[in-house]
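# Overview (structure and organization)
Below, each chain spelled out in residue letters.
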Amino acid sequence: MRARVLIRPKAGILDPQGEAVERALPALGFAGVANVHVGRLVELDVEDPAQLESMCERLLANPLVEDYEIVSADAATSK
Amino acid sequence: MKFGVLQFPGSCDEVDALNAARKVGDAELLWHGDRDLKGADAIVVPGGFSYGDYLRAGAIARFAPVMESVIEFAGDGGLVLGICNGFQVLCEAHLLPGALLGNANRRFTFRQVGLEVLNSGGAFTQGCSLGERLSIPAKHSWGRYHADAETLAAMDRAGQIVLRYADGENFNGSVHDIAGVSNERGNVFGLMPHPEHAADELIGGSADGLKIFASMRLTVEGAHA
């Protein structure tokens, strides 16, 4: 299975990258943008998707400061 | 008294750490792929960019073979000092509470910082006096200490918040101005500023960093006495 893991800063934790992007967008004329957060995307082929959660807990994310979301790449659309 | 200084691919401060350790005792480098701590009485996890800091700073290094031995050594009560990237490694290894995030100023910042000693009874600061101000360089992008409120309260009660940035010195946005923390038992300590770079008045801005290494020596020798 091709899997995607989306990792983002936990809510309530200061996200300086998100703030910088949020401030940069209006400068380009994009109005009405709020709550920008910047995280990471990990894509991987896995034989046993049941192991993904443990992979996230132990390595891919730091659960103390990050939330993660596991999605199947097959289900996701991309451009 | 012998310090073992770890060396990962991407470490860059291990030589200064060796130099500082040798001002108060013997010291030897320990390669990341070896499990043998070579009889070291205390371990220093140095600064740098272990394994390129890929994924998150310290996330890969914490699984290095040498770290298995360091975790066991810490479990037996051995002294472990983590500096900068070493602090990040110890947090990722869960030897220390909390985590280190990107600086609030979003910049790599290099400056001399003033630190205040909040706990002078511990293994790494017994050579300091309570409230003493240390002047030590800091240089990092990922130094914003974070722990949740419950963890912080427990750490405060247990005296685990060992060093704080003095007023006006917290450039990275660390919660509660925290600069250095220990584990509950007090035998593992991490800080973002670099005591090994403040080992000589001529080039380090001060020699205050040696107080950390000298305190470790006192602790090790006290345990053997």
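Values in this document were obtained by computation on a predicted structure and should not be read as measured data.

### Structural notes on the overall build of chain B
When helices and strands are tallied, chain B shows six helices and eleven strands. At 16 Å, chain B has a C-alpha radius of gyration in line with the 17 Å of a compact globule built from 225 residues. Dimensions along the principal axes, computed over C-alpha positions, put chain B at roughly 40 × 40 × 40 Å. Expressed as a percentage of its 225 residues, the buried residues of chain B come to 57%. A sequence separation of at least 24 residues applies to 73% of the contacts in chain B between residues at least 6 apart.

### Here we look at the environment of Leu 81 of chain B
Residues and elements named next belong to chain B. Topologically, Leu 81 is positioned in strand E4 (residues 79–83). On the basis of neighbour counts, which here come to 29 C-beta atoms within 10 Å, the residue Leu 81 falls in the buried class. Remark: the alpha-carbon pair of Leu 81 and Arg 157, spanning 76 residues in sequence, is separated by 21 Å. Sequence-distant contacts of Leu 81, defined by excluding residues within four places in its chain, comprise Ala 42, Val 44, Phe 124, Phe 189, Ile 212 and Met 216.

### A few points about the sheet that holds strand E3 (residues 42–45) of chain B
The strands that make up a sheet pair up through hydrogen bonds in the backbone, lying either parallel or antiparallel. All names here are of chain B. Pairing in this open sheet of nine strands is mixed, and the strands run E2-E1-E3-E4-E11-E10-E9-E6-E7 from one edge to the other. Each of the sheet's edge strands pairs with one partner strand only, and the pair in question is strand E2 (26–31) and strand E7 (133–140). Each neighbouring strand pair of the sheet contributes to a mean axis angle of 25°, computed without reference to strand direction. In the sheet, E3 pairs with E4 via four bridges, with the strands oriented parallel. Counted as the bridge partner of Ile 43 is Val 80 from E4. Its contacts with the sheet place helix H6 (residues 210–224) against E3, E4 and E7, and it is angled at close to 170° to E4.

### Some points on the sheet that holds strand E2 (residues 40–45) of chain A
Residue and element names in this part refer to chain A. Judged by pairing direction, the sheet is antiparallel, and its three strands sit side by side in the order E2-E1-E3 without closing on themselves. Both edges of this open sheet fall to E2 and strand E3 (66–72), since each of them pairs with a single strand only. Put simply, the sheet's adjacent strands are angled 20° from each other on average, direction ignored.

### Digging into unusual backbone geometry
Of note in the backbone geometry, Asn 35 of chain A takes a positive phi value of approximately 50° without being a glycine. Its location among the elements puts Asn 35 of chain A in the loop between helix H1 (16–27) and E2. Its identity is not glycine, yet Asp 177 of chain B carries a phi of approximately 60°, on the positive side. Within the secondary structure, Asp 177 of chain B is located in the loop between strand E9 (161–165) and strand E10 (178–182). Classification of Asp 177 of chain B as buried rests on a count of 20 C-beta atoms within 10 Å.

### As for the confidence of the model for chain B
Residues of chain B with pLDDT of at least 70 account for 100%, and the chain-wide mean is 96. Both confidence scores are given for the complex: pTM 0.94, ipTM 0.86.

### A short note on the nonpolar core
Judged by nonpolar contacts, the single largest core of 76 residues is most densely connected at Ala 21, Ile 43, Val 44, Val 80, Leu 81 and Leu 90 of chain B. Here Ala 21 of chain B is in contact with Phe 3, Val 5, Ala 27, Val 44 and Phe 213 of chain B, once residues within four sequence places are set aside. Cys 56, Leu 60, Ala 61 and Tyr 68 of chain A belong to the second largest nonpolar core, which has six residues in total.

### Remarks on the interface of chain A and chain B
Of the residues lining the interface, nine residues belong to chain A; the matching set on chain B comes to ten residues. Of all the elements, H1 of chain A adds the most residues to the side of chain A that touches chain B, at three residues. Its residues placed into classes, the side of chain A that touches chain B shows seven nonpolar, two polar and no charged.

The rules we used
Residues numbered from 1 in each chain as written. Chains lettered and ligands numbered in written order. Predicted model: local features only at pLDDT ≥ 70, side-chain atom pairs only at ≥ 80, totals over all residues. Helix = DSSP H or I, 4+ residues; strand = E, 2+ residues; numbered from the N terminus. Rg over C-alpha atoms; globule rule 2.2 N^0.38 Å. Buried ≥ 20, exposed ≤ 12 C-beta atoms within 10 Å, placed from the backbone. Contact = placed C-beta atoms within 7 Å. Pairing = 2+ DSSP bridges. Axes fitted to C-alpha atoms, helices over the stretch in contact; angles between N-to-C directions. pLDDT = per-residue confidence, 0-100. Core = buried A, V, L, I, M, F, W, Y, C linked by C-beta atoms within 7 Å. Nonpolar A, V, L, I, M, F, W, Y, C, P; charged D, E, K, R; others polar.

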